[in-house]
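# Fold and geometry: a report
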Amino acid sequence: MEVIFVLIAISLILAGSFLFLFFRAMKGGQFDDNHTPAIRILFDNEPKTKDKKEPSPSTKSK
């Protein structure tokens, strides 16, 4: 039974350290993307649309 308390304590410490490191990386700007917005204008990809024609109300079968 004591083992479960030790494992819970270790997992809480490990989760807390990962959370601390994540916030530290966010504050340090590690996840900022400065390159992609500058080159986004160079790509001329238009979204593909599917032309599905819906039947008009007058052509529906009864």
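In this report, we go over the structure that sits alongside the text.

Cut-offs and rules
- Residues numbered from 1 in each chain as written.
- Predicted model: local features only at pLDDT ≥ 70, side-chain atom pairs only at ≥ 80, totals over all residues.
- Heavy atoms only, no water.
- Patch = residues over 30% accessible without salt bridge, like charges linked within 9 Å, V, L, I, M, F, W, Y side chains within 5 Å.
- Areas by Shrake-Rupley, 256 points an atom, 1.4 Å probe, with all protein chains shown as cover.
- Salt bridge = Lys/Arg side-chain N within 4 Å of Asp/Glu carboxyl O.
- Helix = DSSP H or I, 4+ residues; strand = E, 2+ residues; numbered from the N terminus.
- Expected span 1.5 Å × (residues − 1).
- Phe/Tyr/Trp six-rings, centres within 6.5 Å; stacked < 30°, edge-to-face > 60°.
- Buried < 20%, exposed > 50% of the residue type's maximum accessible area, 1.4 Å probe, protein only.

## Here's the deal with a nonpolar patch on the surface
- Side chains of M1, I4, F5, I8 and L12 sit close together on the surface and give an oily, nonpolar patch of about 580 Å² of accessible area.
- With respect to the helices and strands, the residue L12 is situated in helix α1 (residues 2–28).

## Focus on α1
- Look at α1: 39 Å from first C-alpha to last across 27 residues, which is about the 39 Å you get at 1.5 Å a residue.
- At the exit of α1 stands G29, carrying a positive phi of roughly 80 degrees.

## Points about the packing of aromatic side chains
- Within this structure, the stated rule accounts for two aromatic pairs.
- Ring geometry for F22 and F23: centres 5.7 Å apart, planes at 55 degrees, overall tilted.
- On the accessibility criterion, F23 (51% relative accessible area) is exposed.
- Ring centres of F22 and F31 lie 6.1 Å apart, and the angle between their planes is 40 degrees; this geometry places the pair in the tilted category.
- A network of ring pairs unites the aromatic residues F22, F23 and F31 as a single cluster.

What is shown is where atoms sit, not what they do.
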